[in-house]
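Each chain is listed here by its residues.
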Amino acid sequence: MNGLFDGTTGMRLRQVILVAAVLVAVFLAAESISIIQSWRYIGAGISASNTITVSGHGEEVAVPDIATFSFSIVSDKATVADAQTDATAKINAVTAYLTGASIDSKDIQTTDYSISPQYEYQNAVCPQPAVYNSASGSGTSGSVGSAVYCPPGKSVLTGYEVRQTTTVKVRDTSKAGDLLAGVGSKGATEVSGLTFTFDNPDTVQDAARSKAIADAKSKADELAKELGVSLVRVVSYNESGNNPGPIYYKAMDVSSSAGAAPAASPEISVGQNKVTSDVTVTYEIR
């Protein structure tokens, strides 16, 4: 037996046996690790059969820190070039006023620009019918006993309208009233859509969600206590909620006051916005 492992042939045989033993050891170690890891997941994919479902509601009330509104510049001229030149002068004047009132240029955004031909419908002139006078043998104008044909009217191009709408974000809500009045004096034709909201709405929404989850957890604990069971884990979660609704400011037609002194600033009340969150949570019980 000893002679089997002697010499060069024996050395090679010993190396082969050693390599095979190492491979077997590595394989067995890998299998052992796989089996041990699988123990953590036994039953993990099994759906919970005993559950309770509860709902939670949360509300967060906060003072808005952002105001937005829109205004439009409208110019009617005989040619497109004249209308654009006039509209550009007006929008530049309003923009200069806003930046002078500490509104950052990034908070002034053009949301619409359009050029539209303007038409006027004109009725055609109806000719007076000729009535033949048998006594004199001559024709006279009149309408007795005769039919009149009136040619159709037509639309006549009268000029072009350039309309540019701009949305402004006001970070100092106390300035909203002054700005609404001020843009009209600089050439804005229409002002509308005042809305109060939050610069970072996620912060308020997160607070409302936390209250809703706490409400659901409290209900689940109470229900589990009454049923004599224990909560194991959350098996499903669903959330719905609402962002604060906008506060609309009635549109103002200020075309007649363009270029005049600013009108009295309207009294603007910022108030508070309420953000809500509703959650539905399903717990496994045992």
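Residues numbered from 1 in each chain as written. Predicted model: local features only at pLDDT ≥ 70, side-chain atom pairs only at ≥ 80, totals over all residues. Heavy atoms only, no water.

Observations concerning the overall build of the protein chain
So, point 1. If you tally the helices and strands in the protein chain, you get four helices and ten strands.
So, point 2. Each helix and strand of the protein chain, placed in order from N terminus to C terminus, yields the pattern α-β-β-α-β-β-β-β-α-β-α-β-β-β.
So, point 3. A buried classification covers 26% of the 286 residues belonging to the protein chain.
So, point 4. Intrachain contacts of the protein chain at a sequence separation of at least 6 include 87% that bridge at least 24 residues.
So, point 5. For the protein chain, the exposed surface amounts to about 18,000 Å²; the carbon and sulfur share of it is 54%. (Helix = DSSP H or I, 4+ residues; strand = E, 2+ residues; numbered from the N terminus. Buried < 20%, exposed > 50% of the residue type's maximum accessible area, 1.4 Å probe, protein only. Contact = heavy atoms within 4.5 Å. Areas by Shrake-Rupley, 256 points an atom, 1.4 Å probe, with all protein chains shown as cover.)

Some thoughts on the pairing of strand S2 (residues 66-77)
The side chains of a regular strand alternate between both faces of the sheet.
So, point 1. Across the twelve residues of S2, nine count as buried, placing the element largely inside the fold.
So, point 2. Relative to strand S6 (residues 154-170), S2 is paired through eleven bridges, and the arrangement is antiparallel. By the bridge assignment for S6, valine 74 is matched with arginine 163. (Pairing = 2+ DSSP bridges.)

As for the pattern of salt bridges
So, point 1. Applying the stated criterion across every chain yields a total of twelve salt bridges.
So, point 2. A salt bridge links lysine 274 to glutamate 59; the nearest nitrogen and oxygen atoms lie 3.9 Å apart. Taken together, the residues span a long stretch of sequence, with lysine 274 in strand S10 (residues 273-285) and glutamate 59 in strand S1 (residues 51-62) at a distance of 215 residues.
So, point 3. Judged by its relative accessible area of 43%, lysine 274 is partly exposed.
So, point 4. Residues glutamate 161 and arginine 163 are paired through a salt bridge, measuring 3.7 Å at the closest nitrogen-oxygen approach. (Salt bridge = Lys/Arg side-chain N within 4 Å of Asp/Glu carboxyl O.)

Some details on the side chain of threonine 173
So, point 1. Among the secondary structure elements, threonine 173 is positioned in the loop between S6 and helix H3 (176-185).
So, point 2. When residues no more than four places from it in sequence are discounted, the contact partners of threonine 173 are Pro64, Asp65, Ile66, Ala67, Phe196 and Val270.

Concerning the nonpolar core
So, point 1. Residues Phe69, Phe71 and Leu98 are the most contacted members of the largest nonpolar core, which totals 24 residues.
So, point 2. Listed by contribution, the elements that provide at least two residues to this core are S2, helix H2 (80-100), S6, H3 and strand S7 (190-197).
So, point 3. Element by element, the count of residues in this core is highest for H2, at five residues.
So, point 4. Those residues in contact with phenylalanine 71 that sit more than four places away from it in its chain are Ile91, Val94, Leu98, Gln164, Thr165, Thr166, Val168, Ala188, Glu190 and Val191.
So, point 5. Counting nine residues, the second largest nonpolar core, distinct from the first, contains Val54, Ala220, Val281 and Tyr283. (Core = buried A, V, L, I, M, F, W, Y, C linked by side-chain atoms within 4.5 Å.)

Comments concerning the confidence of the model for the protein chain
So, point 1. Overall, the prediction assigns the protein chain a mean pLDDT of 82, with 77% of residues at 70 or greater.
So, point 2. Of the regions scoring below 50 in pLDDT, residues 246-259 engages in 37 contacts with residues more than four places distant in sequence or in other chains. (pLDDT = per-residue confidence, 0-100.)

Topic: H3
So, point 1. Of all the ten residues making up H3, nine are buried; the element is thus mostly covered by neighbouring parts of the structure.
So, point 2. All of the buried residues in H3 are Ala176, Gly177, Leu179, Leu180, Ala181, Gly182, Val183, Gly184 and Ser185.

Some thoughts on the state of the cysteines
So, point 1. Tallying each qualifying case throughout the model produces one disulfide.
So, point 2. The residue that forms a disulfide with cysteine 126 is cysteine 150, at a sulfur-sulfur distance of 1.9 Å. Since a negative S-S torsion denotes a left-handed disulfide, the cysteine 126-cysteine 150 link at about 125° is right-handed. Here cysteine 126 is found in the loop between strand S3 (108-122) and strand S4 (130-133), whereas its partner cysteine 150 is found in the loop between strand S5 (138-141) and S6, with 24 residues between them in sequence.
So, point 3. A residue is classified by how much of its surface remains accessible, and cysteine 126, at 35% relative accessible area, is partly exposed. (Disulfide = S-S within 2.5 Å.)

Considerations on H2
So, point 1. Taking 1.5 Å per residue, 21 residues should reach 30 Å; H2 reaches 30 Å between its end C-alpha atoms and fits that length.
So, point 2. Residues of H2 that are buried make contact with S2, S3, S6 and H3.
So, point 3. Phi turns positive one or two residues past the end of H2, at serine 102, with a value near 70°. (Expected span 1.5 Å × (residues − 1).)

What to know about a nonpolar patch on the surface
So, point 1. A contiguous nonpolar surface patch, about 280 Å² in accessible area, is contributed by Leu18, Val22 and Val26.
So, point 2. Checked against the element boundaries, valine 26 lands in helix H1 (residues 7-39). (Patch = residues over 30% accessible without salt bridge, like charges linked within 9 Å, V, L, I, M, F, W, Y side chains within 5 Å.)

Details of the environment of aspartate 107
So, point 1. Along the chain, the position of aspartate 107 falls in the loop between H2 and S3.
So, point 2. Judged by its relative accessible area of 7%, aspartate 107 is buried.
So, point 3. With 60 residues separating them in the primary sequence, aspartate 107 and threonine 167 have C-alpha atoms 8.0 Å apart.
So, point 4. If near-sequence neighbours (up to four positions away) are discounted, aspartate 107 is found in contact with Thr167, Val168, Lys169 and Arg171.

Side note on unusual backbone geometry
So, point 1. Positioned with a positive phi, serine 102 is a non-glycine residue whose angle comes to about 70°.
So, point 2. Relative to the helices and strands, serine 102 is located in the loop between H2 and S3.

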